[in-house]
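Summary of the model geometry
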Amino acid sequence: MNRTIRKVAVIGSGVMGSRIACHFAGIGVQVLLLDIVPPALTDAEQAKGLALTDKAVRNRIVNDAMQATIKAKPSAVYTKSVIANIKTGNIDDDLSKIADCDWVIEVVVERLDIKQQIFEKIEKYRKAGTLITTNTSGIPIYLMSEGRSEDFQQNFCGTHFFNPPRYLRLLEIIPDPKTKPEVLDFLMDYGDRFLGKTTVLCKDTPAFIANRVGVFGFMAVFKAMQSLGLNVDEVDSLTGPILGRPKSATFRTGDVVGLDTLVHVAKALPANAPNDEAKDIFKLPPFLEKMVENKWLGDKTGQGFYKKVKGEKGKSDILTLNLETMEYGPKVKTKFTTIEAAKPVEDLAKRLMVLYNGTDKAGEFYKQFHHLLFAYVSHRIPEISDELYKIDDALKAGFGWEIGAFESWDALGVQKVLEQMKTGGYEVAAWVQQMLEKGFTTFYKTENGQRKYYDIRTQQYQPIPGMGTFILLEHLDEKVVWSNSACKLYDIGDDVVALRWTSKMNTIGGEVLEGVQKSVAIAEERYKGLVIANGGANFSAGANVGLIFMFAAEQEFDELDMAVRQFQNTTMRLRYSSIPVVIAPHGLTLGGGCEMCLHADGVQAAAESYIGLVEVGVGLIPGGGGTKEMALRAGDRIIKEDIATNYLQQLFINVGTAKVSTSAHEAFDNFVLRPGFDNISINPDRRIADAKRKVLAMWERGYTQPIARNDVKVLGRGGLGGLLSGIHGMWRGQYISDYDKFIAEKLAYVMCGGDLSAESIVSEQYLLDIEREAFLSLCGQKKTLERLQSIITTGKPLRN
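Residues numbered from 1 in each chain as written. Predicted model: local features only at pLDDT ≥ 70, side-chain atom pairs only at ≥ 80, totals over all residues. Heavy atoms only, no water.

**Things to note about the overall build of the protein**
Heads up, the rule is: By the criteria applied, helices consist of DSSP H or I runs no shorter than four residues and strands consist of E runs no shorter than two, each listed in order from the N terminus. The globule rule used for comparison is 2.2 Å times the number of residues to the exponent 0.38, while the radius of gyration itself is calculated over C-alpha atoms. With a 1.4 Å probe rolled over the protein chains alone, any residue whose accessible area is under 20% of its type maximum counts as buried; one over 50% counts as exposed, and the rest are partly exposed. Here the open area of atoms and residues is found with the Shrake-Rupley method and a 1.4 Å probe, where only the protein chains shown may cover a residue. For the purpose of counting charges, residues Lys and Arg are taken to be positive, whereas Asp and Glu are taken to be negative. His and the chain ends are not included. By convention, the charge on Lys lies at NZ, on Arg at CZ, on Asp at CG and on Glu at CD.
Regarding its fold elements, the protein presents 33 helices and 25 strands. For the protein, whose C-alpha radius of gyration is 28 Å, the value lies close to the compact-globule estimate of 28 Å for 800 residues. Along the first, second and third principal axes, the C-alpha set of the protein runs to 80 × 75 × 60 Å. Looking at the protein as a whole, 55% of its 800 residues qualify as buried. Element-wise, carbon and sulfur atoms account for 51% of the exposed surface of the protein, whose accessible area totals about 33900 Å². Side-chain charges in the protein split into 95 positive and 98 negative, and the spacing between the mean points of these groups amounts to 2 Å.

**Describing the nonpolar core**
Convention followed: Here, nonpolar core refers to any group of buried Ala, Val, Leu, Ile, Met, Phe, Trp, Tyr and Cys residues whose side-chain atoms link them within 4.5 Å.
Ranked by size, the top nonpolar core spans 119 residues in total, and within it Ile 11, Leu 288, Phe 305, Phe 406, Trp 409, Trp 431 and Phe 443 carry the most contacts. Counting residues per element, this core draws most heavily on helix H10 (residues 210–228), which supplies 12 residues.

**Concerning the sheet that holds strand E14 (residues 460–463)**
Strand pairing in a sheet is mediated by backbone hydrogen bonds. Such pairs are either parallel or antiparallel. Going by this rule: DSSP calls a pair of strands paired once it identifies at least 2 bridges connecting them. Comment: axis = line fitted to C-alpha atoms, over the contacting stretch for helices; angle = value between 0 and 180 degrees taken between N-to-C directions.
One open sheet holds the 3 strands; their spatial order is E12-E13-E14, and the pairing between them is antiparallel. Each of the sheet's edge strands pairs with one partner strand only, and the pair in question is strand E12 (444–447) and E14. Adjacent strand axes in the sheet meet at a mean angle of 40° when their direction is disregarded. The pairing of E12 with strand E13 (residues 450–455) spans 4 bridges and is classified as antiparallel. Paired with Lys 445 across the strands is Lys 452, a residue of E13.

**A word on the pattern of salt bridges**
Our working rule: Any Lys or Arg side-chain nitrogen located within 4 Å of an Asp or Glu carboxyl oxygen qualifies as a salt bridge.
Going through the model one piece at a time under the given rule, you end up with 51 salt bridges. Among the ionic pairs, Arg 575 bridges to Glu 629, the shortest N-O distance being 3.1 Å. Within this pair, whereas Arg 575 is found in helix H24 (residues 557–575), its partner Glu 629 is found in helix H26 (residues 626–641), the two being separated by 54 residues in sequence. Overall, the relative accessible area of 3% leaves Glu 629 in the buried class. Lys 628 is the salt-bridge partner of Glu 629, the closest N and O atoms lying 3.0 Å from each other. Classification of Lys 628 as buried rests on a relative accessible area of 0%.

Quick look at the structure:
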């Protein structure tokens, strides 16, 4: 049966339910969000003379939850307009409406009896064949469907989303004993392609995969912390980005997720998994017991391991909980020799080696933590998963780890670490030693571009299922057709090549620009088209500001002029090549990274792409063709739609305020991405394959090299006067500084085509020339140098 999901019902509007509803709404699905009717009136409702029968009262719980979710940061939606896709109601009055839904998701409180009551009500109204799933984080799936009809059981399973569902990509699919295989196949595919998830098919074991191992990870951190006498601030400095984990590290993550969730899983596991060899580690430490008793559960109660308070002059301060005294105090600065040694190491696998081999307290922490983790995951095969890659996938997608447990073990050396673990008294599952004895020295290997994992059932390497639909450039080293020290150009099949570069934050310097131009030349000579995509957390943080600062500080303006020309020539090479070029950004796509996207034939952006021209923030204007392109787009809009200054003003404001789109969807609203040319991949792992298909589609249609533009309409003084008036008003209102005003005037000058007496038709090259002139003039300003230096030394812009 072909399934189409047009409308979804979400039962339960709490933190998870409302955010799941928002995620479905964000992909264009109609959502019915229901919750219970409140048992009593609030004081405000009584004052208004409302009764329990009034609709506003009966829907109060669901509507309040939605309003809280809409206001929450980070945003639960790609763009606010999709909220219109969600209709609210209550279970008593509106449950019959689920008859029109293709999928019903239960997200109520984690109590089996309540869930069973909800399912009994759902069965009265659902149509046969409708998907029914539960978002439980650990209640056995088979218990929930007891007593339901055969059709219900055949279309029922667990779909465990992780909070926040927009950002955490894991979706665990847990079958009921009677779930039809085609239902599981559908959900695995739909979760991947439509919801952008890493879908992991789990066994119905306690806490499934991610929470079983992830919560163990929390408890292992607590154990190592207590044995070494570390505090909250120290542990979060050790378990954040330096380790390939989110900025929220350990304790901030606990606050975001909610300590009640952590405690619920930790308490339930020893009882539900009595044969777990590490069940004693799940015993709650005294500080956690006390926090639960005090209802210090994290963000949902206003305080947890951290607490936000108002300091002097109304400024917010973050206090840290002292786990010895159970009192809050100022954050403690931390410093470890091992961390300082690891910071310069960009490659995570190599950085792990530095951390693990550290000789100070930090190094000992990393040894203890990894030994506990490695021992634990080895024993979970085959209990919670027959395939080890599922554990790594779940940890990366569910907890934001950049590298999984078995991947980390590979990076540190399986044999070497195993010997140290044996010396330390850590017991590892027998299959690991057997694997090594058979000559298999790693858990993963890449062969002919195919990623494989060690399978304990066959005792051989097996391909990871589903990977054929993704193109992961980091696993294609044998397909490299050209490289320099920063870039690699890969043959990705079907006569298409893909360029990837690796630098700190994937910034753009001379070697990257050389790589782009060389890749276009090679593609023109031998291939059908070019994809540009990067790995890591971000596509590109922009141009190398350190290089700009060096040239500007030393007044090497000839060198600086040459560098800017090279950047402009590179973006124009992307625009005017004889082959289609598609860029596939993800994460931060700032400054020069955004300028490259603006000049590509098409963009295939990951949904979580944060795109914008941010140069004004460092005292400059976009100098790699970005300002020119905004002027060109404004001119085209003026010609086609007879709109004079309002569109130009909007583009000017976006660039002048260094506006960054909070999603690829919002990038369309901000006129960075173009309808009809650019597209979105909800699943970031699919963006390169999608970009390749886009290249081939352009080639099949008969791609023709564009002609350089000599017909760009600019407004001259007529447009400039309006922009300068707005700038002056912002300055007089003290919204911008004197220097902000100076930069904005330079930007306005370029976007209006310079000091032209009337509307004029100019060439792209003319606009590039005045863009470069303005950029260089700003580089000579002392305040720009101060802003550049601030970015380099602190990572933060200076407001001067």
